[in-house]
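# Chains, contacts and geometry: an overview
These are the residues of each chain, in order.
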Amino acid sequence: MNISKKIVVLGYFGVGKTSLIRRFVENSFSNDYKVSIGVHIVKKTVQVSTDDTVSLILWDLEGTDDIASVRESYLLGTHGIIYVFDVSRPSTFQSIEKDLEALAKKVPGVPTQVVGNKIDLVASEEVDATLTEKGISFDYLTSAKTGEKVNELFEHLAKILALDAERIKGKLQ
Amino acid sequence: MNENDKIQILKDILFAEDSVYIEKIANRLETLETTLNDKKKLSSKVDPIVLEQLEEFKESIPATLGPTITATLKVEIQKNKDEVVEAIYPILGKMIKKYIAHEIKLLSEKINRQLSFKDKVKAWYKGSSKKREIIENLASCHIEQVLLVEKDSGLLKASYSNTQTIDEEMISGMLTAIKHFVEDAFVTKDQNLELIDYELYHIHLQSFKNYYIAVVLSGTYTTRAKDKVQNLIFDFFEKFTRLEGYRTLDMENINQQLALNFGNEHL
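Under an unreviewed UniProt entry, the name given to chain B is Cell envelope biogenesis protein OmpA, and the organism recorded is Pseudozobellia thermophila.

With an unreviewed UniProt entry as reference, chain A is termed Small GTP-binding protein domain-containing protein, source organism Pseudozobellia thermophila.

Printed below as a string of structure tokens:
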């Protein structure tokens, strides 16, 4: 079975969304800082089991300073969300709860992965302490620069979506 | 009072004025040094001068450097004719092709306008002239690609393609993003983006409730061609929605339907 799923990747300016995607899709990383403009779409097919693949159509949305202002039409029909924050910049995760609530209202029931990126910039104990202190729960801590946990993140989401698809197919039959 | 004290008193009397002067110089030197070491201060003093010089330089470029640059360019172009042609050829080629396509479209439409119904009947009986046939052929529109796309997610449901292109799933995603962007920009509700012109190609977009169809066309896209494309789209969509469980049909099935409907169609 081969299914295609739309994934929206969003977060504040400069948290490394484009770099994460680039690391996953092209397996490379550019140190040049580049603010993505509007939306950029890339695709990567993930093998989730011997017979099944999931084509992830990744919508890399431009960085924002207010998640509520994300263009709603870009979120339409999305099957998964990756919310990225920068562990080295608290301003990018201080209103995470509010942001996730706003997203859940816009696209209810969509599997969301919360990702703290740029862990190569901060000592792991410091990251743990800061996130615990602020009560921030996350799904993955990644580094687009070193590639740490990047593949795991996308592959995990692909598996969730494949299971969802199986479940829906089962219900229909 | 010893000898040294006496000399000091004498010095003070003789060099009183000089010491004030030296002190002033030292102060000014200190100010200068601070200015030189402080980037901001130095920049506030130097920038206006540099700017003024730059302005003068800008004004004098055409007169002073212009002839040298022109001469150098001429020599370089003469020396590297092949490289220059190679660089310019694709751009000029495209421009000329686009211009010719546009002119043929105008010519074809002009001919059609000027032919009376009587002329058309006469031509049909006699068979059209070779020239007209060639012009019509050149002006004709071809379907290059058809994409059936989910309206909200932009996911590709099915496709038919005459030519090899980059990943169709990515194309349908980008088309959907462009569509969303344009439709959001013009806030009026229920308006849809219907046509995108891209160099020698036209992308006709027909929106339905849950899907939209994008038809990529080459050649001159006349009103007649548009009418025919719309008929083909509606015809296909009607057949598609009549298929049992059309929403869950696999891509291969719909691809075949698209090929049957749009393949070998002359516009």
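## Structural notes on the nonpolar core
One broad rule of soluble globular proteins: the nonpolar side chains tend to lie buried together. If you look at the biggest cluster of nonpolar residues, it comprises 56 residues, and the most contacted ones within it are Leu10 and Leu56 of chain A. With 8 residues, helix H5 (residues 150-172) of chain A is the largest single contributor of residues to this core. The contacts of Leu10 of chain A, once residues within four sequence positions are left out, are Lys17, Leu61, Ile67, Val70, Leu75, Ile81, Ile82, Tyr83, Val84 and Leu103 of chain A. Ranked by size, the runner-up nonpolar core spans 24 residues in total, among them Ala158, Leu217, Phe237 and Ile254 of chain B.

## So, the packing of aromatic side chains
If you walk through the whole model with that rule in mind, you get 11 aromatic pairs over all chains. Relative to Tyr246 of chain B, the ring of Phe240 of chain B lies with its centre 5.1 Å away and its plane at 70°, an arrangement referred to as edge-to-face. There is no split in this pair, since Phe240 of chain B and Tyr246 of chain B are both buried. Through a chain of ring-to-ring contacts, the aromatic side chains of Phe208, Tyr211, Phe234, Phe236, Phe237, Phe240, Tyr246 and Phe262 of chain B assemble into a single cluster. Sitting over the face of the ring of Trp59 of chain A, Lys6 of chain A holds its NZ or CZ atom 3.9 Å from the ring centroid. The ring of Tyr212 of chain B is capped by Lys179 of chain B, whose NZ or CZ atom sits 5.0 Å from the centre of that ring.

## Some thoughts on the side chain of Ser143 of chain A
Residue and element names in this part refer to chain A. For Ser143, the location among the structural elements is in the loop between strand S6 (140-141) and H5. Residue Ser143 is classed as buried on the basis of its relative accessible area, which comes to 0%. Among the polar contacts made by the side chain of Ser143, one reaches the main-chain amide nitrogen of Thr146 at a distance of 3.0 Å. Each residue touching Ser143, except ones within four places of it in the same chain, is listed here: Asn117, Lys118, Ile119, Asp120, Glu148 and Val150.

## Some remarks on the layout of surface pockets
Empty space among the atoms can be located by rolling a probe the size of a water molecule over them. Counted as a void, the largest pocket has a volume near 1,400 Å³. Elements with a contribution of two residues or more to the lining of the largest pocket: strand S1 (2-11) and H5 of chain A together with strand S2 (156-161) and helix H8 (168-185) of chain B. Looking at the lining of the largest pocket, its residues break down into 13 nonpolar, 10 polar and 14 charged.

Cut-offs applied
Residues numbered from 1 in each chain as written. Chains lettered and ligands numbered in written order. Predicted model: local features only at pLDDT ≥ 70, side-chain atom pairs only at ≥ 80, totals over all residues. Heavy atoms only, no water. Core = buried A, V, L, I, M, F, W, Y, C linked by side-chain atoms within 4.5 Å. Buried < 20%, exposed > 50% of the residue type's maximum accessible area, 1.4 Å probe, protein only. Helix = DSSP H or I, 4+ residues; strand = E, 2+ residues; numbered from the N terminus. Contact = heavy atoms within 4.5 Å. Phe/Tyr/Trp six-rings, centres within 6.5 Å; stacked < 30°, edge-to-face > 60°. Lys NZ or Arg CZ within 6 Å of the ring centre and 35° of its normal. Polar contact = N/O pair within 3.5 Å; in protein donor to acceptor, adjacent residues only side chain to side chain. 1 Å grid on protein atoms, 1.4 Å probe; cavity = no way out; pocket = protein on both sides within 12 Å on 5 of 7 lines; lining within 4 Å. Points joined across faces, edges and corners; volume = space filled by probe spheres on them. Nonpolar A, V, L, I, M, F, W, Y, C, P; charged D, E, K, R; others polar.

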